[in-house]
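Examining the three-dimensional arrangement
Below are the chains, spelled out letter by letter.
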Amino acid sequence: MANLGVLSSLPQTSKYARIYGFTGAREYTYAYFSDELNHVSIREGIRMSGAARATYRHLDLNHLEGLLKKSTATTKIIVTDGVFSQDGDIAPLPDLLQLAELYDAALYVDDAHGTGILGENGGGICEHFGVTSARIIYMGTLSKAYGGIGGFIATEAHIAKIIRLACSAYGFTSALPPDQAVALSEAVDMVVDEPERRARLWENQRYFVTRMSELPYPLVSTGSPIVPILVGDEDAADALALSLGESGIHVDAVRFPAVPLRKARLRIQLNAGHTSQDIDQLIDTLRVHQHGASATIMSTLGMTKIKRDEPAGNEAL
Ligand SMILES: Cc1ncc(COP(=O)(O)O)c(C=O)c1O
């Protein structure tokens, strides 16, 4: 809802500025530049805004730069997941920021899976890379590391002020229920005061990735607590998830439209509560299924007719 609300309404800012008496000589036009694997709430928020939009190939900075160069919009906004929700890889924030500076763009980062996880203090992707910038509009969710519900925007005060005015998903809906507010306030303290949980999470992540090297499954990425096993065929991914479920292990199979067609996967997500025995059990169970699964994986991964929701290179600048 934060993505839908904010991205759909940011291009209204010049209208609100006019209402507040700002009479700039310039006409403002907006354009979004969005990674093709961004979360669906980003893609839909951008679409709802009615602004010009362009989709760049996943993490392809050259492609992004080409699109930025072509744009004549006065207000360019680059949008990226921090940790990509279905692939688990981490956006190169310093490089994106460099492009934002070069082309005078804002950089909107959805750090749903980085907030509370990345960075020494759980400060998210900005702490991870040690970057701060007035150009960054940081969006985080309260539903992942914090274990509650809701989302937030952290940005420059004047942008926050505009968002409060323009974003009806913020202003015209009920506030968080008090039980959530109390629980989340406690969770924020835990992220700060109990770094041992984060340390345990990363130990689990490293242990899992190391042990997976014993097995023939292809991993999409290994740099975050989201370590997806690429299966390819949708039904094969469901079948593997079902087999794991029968062994007492819950893993979600992720399939189209959350990921491109025939790029279904098992989205393994490590957390701080897992023990090394849990991970050993997962590895043992995957080992039992490796022959059947790897045959299906290998036979489907070669099929590259990928249907994307918003084809990369789509331009409406
Ligand atoms: C990158 C990303 N953004 C936003 C969301 C939405 O978060 P929530 O479940 O809190 O609505 C998710 C959750 O799946 C996500 O992965």
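Scroll up to find the structure.
Residues numbered from 1 in each chain as written. Predicted model: local features only at pLDDT ≥ 70, side-chain atom pairs only at ≥ 80, totals over all residues. Heavy atoms only, no water.

1. So, the site of the ligand
If you check the shell around the ligand, you find His39, Ser41, Asp81, Ser85, Asp110, Ala112, His113, Thr141, Ser143 and Lys144 and nothing else. Expressed as a share of its isolated accessible area of 390 Å², the protein-covered part of the ligand is 73%. Within the shell around the ligand, the residues separate by chemical class into one nonpolar, six polar and three charged. (Near = heavy atom within 4 Å. Areas by Shrake-Rupley, 256 points an atom, 1.4 Å probe, with all protein chains shown as cover. Nonpolar A, V, L, I, M, F, W, Y, C, P; charged D, E, K, R; others polar.)

2. Quick look at the sheet that holds strand E8 (residues 252-254)
Spatial strand order, E7-E9-E8: three strands in an open sheet with antiparallel pairing. The open sheet has two free edges, formed respectively by strand E7 (226-232) and E8, since each of these has just one partner strand. Ignoring strand direction, the axes of neighbouring strands in this sheet form an average angle of 30 degrees. Taken together, the three bridges between E8 and strand E9 (residues 264-269) define a ladder with antiparallel strand orientation. Within the sheet, the bridge partner assigned to Ala253 lies in E9 and is Leu266. (Pairing = 2+ DSSP bridges. Helix = DSSP H or I, 4+ residues; strand = E, 2+ residues; numbered from the N terminus. Axes fitted to C-alpha atoms, helices over the stretch in contact; angles between N-to-C directions.)

3. Looking at the sheet that holds strand E5 (residues 136-141)
Taken in spatial order, the six strands of this open sheet run E2-E1-E3-E4-E5-E6, and their pairing is mixed. Edge positions in the sheet fall to strand E2 (52-56) and strand E6 (151-154), since each has one partner strand and no second. The average angle at which neighbouring strand axes cross in this sheet is 20 degrees, direction not considered. In terms of strand pairing, strand E3 (residues 75-81) meets strand E4 (residues 105-110) through six bridges, oriented parallel. By the bridge assignment for E4, Lys76 is matched with Ala105.

4. Quick notes on the layout of surface pockets
Empty space within the largest pocket amounts to approximately 910 Å³. Around the largest pocket, the lining is made up of 33 residues, and of these Met1, Ala2, Gly150, Gly151 and Phe152 lie nearest the centre. Elements supplying a minimum of two residues to the lining of the largest pocket: helix H1 (2-9), E5, E6, helix H7 (157-166) and helix H8 (168-171). When the residues that make up the lining of the largest pocket are grouped by side-chain class, the tally is 17 nonpolar, 12 polar and four charged. (1 Å grid on protein atoms, 1.4 Å probe; cavity = no way out; pocket = protein on both sides within 12 Å on 5 of 7 lines; lining within 4 Å. Points joined across faces, edges and corners; volume = space filled by probe spheres on them.)

5. Quick look at the pattern of salt bridges
Counting across every chain of the model gives 10 salt bridges. Asp238 serves as the salt-bridge partner of Arg255, at 2.4 Å between the closest nitrogen and oxygen. Of this pair, Arg255 sits in the loop between E8 and E9 while Asp238 sits in helix H11 (residues 234-246), placing them 17 residues apart in sequence. Assessed through its relative accessible area of 30%, Asp238 is described here as partly exposed. Members of the salt-bridge network, linked through shared partners, are Arg211, Glu214, Asp280 and Arg287. (Salt bridge = Lys/Arg side-chain N within 4 Å of Asp/Glu carboxyl O. Buried < 20%, exposed > 50% of the residue type's maximum accessible area, 1.4 Å probe, protein only.)

6. Quick look at the pairing of E5
Put simply, side chains in a regular strand alternate between the two faces of the sheet. Burial within E5 is extensive, with six of its six residues counted as buried. Alternating positions in E5 separate into two faces, Ile136, Tyr138 and Gly140 on one and Ile137, Met139 and Thr141 on the other, with burial throughout. Sheet analysis places E4 next to E5, joined by four bridges and oriented parallel. Looking at E5, one finds that Tyr108 is bridged to Ile137. In the sheet, E5 pairs with E6 via four bridges, with the strands oriented antiparallel. If you follow Met139 over to E6, its bridge partner there is Ile153.

7. Observations concerning the nonpolar core
One finds Ile78, Leu107, Ile136 and Phe208 to be the most contacted residues of the largest nonpolar core, which totals 55 residues. Here this core gathers at least three residues from each of two domains, domain 1 (2-191) and domain 2 (195-301). With residues up to four places along the chain from it excluded, the contact list for Ile78 reads Phe33, Tyr56, Leu64, Leu68, Leu96, Ala100, Ala105, Ala106, Leu107 and Tyr108. In terms of nonpolar packing, the next biggest core, distinct from the first, is built from 18 residues, Ala51, Ile77, Met139 and Ile163 among them. (Core = buried A, V, L, I, M, F, W, Y, C linked by side-chain atoms within 4.5 Å. Domains from an automatic or database assignment. Contact = heavy atoms within 4.5 Å.)

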